[in-house]
Amino acid sequence: MELHSTAFQAAVTRLLASPAEAVVFGALTAPIYGHRVPFCDAIAAHGRVSVDRITQKTRDAVREALQRRLLREVGLREEG
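Presented here is an overview of the structure given in this document. (Residues numbered from 1 in each chain as written. Predicted model: local features only at pLDDT ≥ 70, side-chain atom pairs only at ≥ 80, totals over all residues. Heavy atoms only, no water.)

1. Topic: a nonpolar patch on the surface
Here is step 1: Judged by side-chain polarity, Val23, Phe25, Leu70 and Val74 come together as a nonpolar surface patch covering roughly 310 Å² of accessible area.
Here is step 2: Within the secondary structure layout, Val23 lies in the loop between helix H1 (6-17) and helix H2 (38-45).
Here is step 3: Residue classification places Val23 among the partly exposed residues on the basis of a relative accessible area of 36%. (Patch = residues over 30% accessible without salt bridge, like charges linked within 9 Å, V, L, I, M, F, W, Y side chains within 5 Å. Areas by Shrake-Rupley, 256 points an atom, 1.4 Å probe, with all protein chains shown as cover. Salt bridge = Lys/Arg side-chain N within 4 Å of Asp/Glu carboxyl O. Helix = DSSP H or I, 4+ residues; strand = E, 2+ residues; numbered from the N terminus. Buried < 20%, exposed > 50% of the residue type's maximum accessible area, 1.4 Å probe, protein only.)

What follows is the structure, encoded as structure tokens:
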């Protein structure tokens, strides 16, 4: 699993530390039954990271907001 790969963690850490304005979308594991993944906690707390909590009730609204954000970040306009 990538979360426990030191090479993956190093690559993500380098990406977040770089001056490049890359737009990256990803998913972090949610804590289950009190089990936390320290690497995920660190990524979620990073200043360049935005976390959207997704539930069955909010998934459509979150998807639409992420789509608008991505289009804005890459300089595209929504059609229609």
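What follows picks up the thread again.
2. Looking at the nonpolar core
Here is step 1: Grouped together as the largest cluster of nonpolar side chains are seven residues: Leu3, Val12, Leu16, Val37, Phe39, Cys40 and Ile43.
Here is step 2: Sorting the residues of this core by element identifies H1 and H2 as the ones contributing at least two each. (Core = buried A, V, L, I, M, F, W, Y, C linked by side-chain atoms within 4.5 Å.)

3. Focus: the pattern of salt bridges
Working definition: two side chains of opposite charge can pair if their charged atoms are close together.
Here is step 1: Tallying each qualifying case throughout the model produces three salt bridges.
Here is step 2: Where Arg36 meets Asp41, a salt bridge forms, and the shortest distance between an N and an O atom there is 3.0 Å.
Here is step 3: Look at Asp41 and you get partly exposed, because its relative accessible area is 28%.
Here is step 4: Across the pair Glu64 and Arg63 runs a salt bridge whose closest N-O atoms are separated by 3.7 Å.

4. Topic: the packing of aromatic side chains
Each pair of aromatic rings is reported with the distance of its centres and the angle of its planes.
Here is step 1: With the rule as written, the count across this model stands at one aromatic pair.
Here is step 2: With a centroid separation of 6.4 Å and 70 degrees between ring planes, the pair formed by Phe8 and Phe39 is classed as edge-to-face. Of this pair, Phe8 sits in helix H1 while Phe39 sits in helix H2, and the two are 31 residues apart along the sequence. (Phe/Tyr/Trp six-rings, centres within 6.5 Å; stacked < 30°, edge-to-face > 60°.)

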